[in-house]
Amino acid sequence: MASVYWVFRLLKKCNLVISDNVKRVLKEIDECMHADVGNSHSITLIGASKSQTIEKIREAYKAGLRHFGENYLQEAEEKIINLELNPTWHFIGAIQSRKAKKISQLFDWVHTVDSYKVAEKLNDSRPSSMNPLNICVQLNIDNEETKSGVSPDELESLIGELKYLNNLIVRGLMVIPMQRDDEYEQRKVFKKVKDIYYNLVNKGYDLDTLSMGMSSDFAAAIKEGATMIRVGTSIFGLRE
Ligand SMILES: *Cc1c(COP(=O)(O)O)cnc(C)c1O
């Protein structure tokens, strides 16, 4: 009996931690917004819930979080079907071609488009009964060989091609920069992304989303104009 009681206490404690974490991250977002008077848009907080349990997602939802990001289709599908809540689901992982169909049927957003071929697959399998799929083009801002994303040179031509895919709406850019510990260095790379983004907007591309910033760098990202941040560890704790 005693051990059941302690397990219950422990679970309760975990859940409290998640709601505290959501509150703390929201407060930090608020502080970053005020740190820069030019910042007036709102920030969407996405809980990056890969390899976290459905119970933890439920707790975060209870604490007010309404956007979740998943990286692996199979894991995500199980959560989306079983959650019995209706948050906005973002796909933020690498897209394997053969999984594009299912991804475009299950998700509201896909942040990791980096080729016309994948975009076309998502477009062709988006059910016409659903709203168009929101997408971000992933930009490989540090030109890392091992990382997904288009290079800054290829970005505009890809975005130009995507406007012919009627079941997709290109909302903006997504980046995962290299790990940098110093906020000044973090801001420098996010500013580079912001400049590329506004260059496109000024040319007439209808974009409204900058998906950048994770647990270790979201403060810097917000100060450089992020509109969506994807936060995992700071909300759910370390991944298994
Ligand atoms: C895992 C992941 C995140 C969240 O990372 P944390 O450092 O845990 O906040 C954000 N974006 C993407 C694409 C991820 O895969």
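Before going further, it helps to spend a moment on helix α2 (residues 54-62). Here α2 has its buried residues at I54, I57, E59, A60 and Y61. The first or second residue beyond α2 is G64, which carries a positive phi of 110 degrees.

Overall, the coordinates contain 14 salt bridges when judged by the stated rule. K191 is the partner of D195 in a salt bridge, and the nearest nitrogen-oxygen pair spans 3.0 Å. Residue D195 and its partner K191 are both found in helix α7 (residues 183-202); the two are separated by 4 residues, about one turn of the helix. On the accessibility criterion, D195 (39% relative accessible area) is partly exposed.

Judged by nonpolar contacts, the single largest core of 63 residues is most densely connected at I29, F107, V110, L122, L162, L173 and I229. The element contributing the most residues to this core is helix α1 (residues 2-35), with 6 residues. With residues near it in sequence (within four places) discarded, L122 still touches I95, A100, I103, S104, V110, V113, L133 and L168. Among the nonpolar cores identified, the runner-up in size contains 5 residues, and I46, W109, C136 and M228 belong to it.

As a further point, take the site of the ligand. Around the ligand, a shell composed of 13 residues is seen, among which K50, N71, S215, G232 and T233 lie nearest. In the environment of the ligand, an oxygen atom lies 2.7 Å from a nitrogen or oxygen atom belonging to the side chain of K50. Between a nitrogen atom of the ligand and a side-chain N or O atom of R230, the distance comes to 2.9 Å. Protein burial of the ligand: of its 390 Å² of free accessible surface, 90% is covered by the chains. A per-class count over the shell around the ligand returns 6 nonpolar, 4 polar and 3 charged.

Turning our eyes to something else, we now look at the packing of aromatic side chains. Evaluation of the coordinates by the stated rule reveals 3 aromatic pairs. Both rings, one in F68 and one in W89, keep their centres 5.8 Å apart while their planes meet at 40 degrees; by these two values the pair is tilted. With F68 in strand β2 (residues 67-70) and W89 in strand β3 (residues 88-91), the pair connects residues that are 21 residues apart, well separated along the chain. Of the two residues, F68 and W89, both sit in the buried class. An angle of 85 degrees between the planes, with centres 5.0 Å apart, marks the rings of Y197 and Y198 as edge-to-face. A residue is classified by how much of its surface remains accessible, and Y198, at 44% relative accessible area, is partly exposed.

Cut-offs applied
- Residues numbered from 1 in each chain as written.
- Predicted model: local features only at pLDDT ≥ 70, side-chain atom pairs only at ≥ 80, totals over all residues.
- Heavy atoms only, no water.
- Buried < 20%, exposed > 50% of the residue type's maximum accessible area, 1.4 Å probe, protein only.
- Helix = DSSP H or I, 4+ residues; strand = E, 2+ residues; numbered from the N terminus.
- Salt bridge = Lys/Arg side-chain N within 4 Å of Asp/Glu carboxyl O.
- Core = buried A, V, L, I, M, F, W, Y, C linked by side-chain atoms within 4.5 Å.
- Contact = heavy atoms within 4.5 Å.
- Near = heavy atom within 4 Å.
- Polar contact = N/O pair within 3.5 Å; in protein donor to acceptor, adjacent residues only side chain to side chain.
- Areas by Shrake-Rupley, 256 points an atom, 1.4 Å probe, with all protein chains shown as cover.
- Nonpolar A, V, L, I, M, F, W, Y, C, P; charged D, E, K, R; others polar.
- Phe/Tyr/Trp six-rings, centres within 6.5 Å; stacked < 30°, edge-to-face > 60°.

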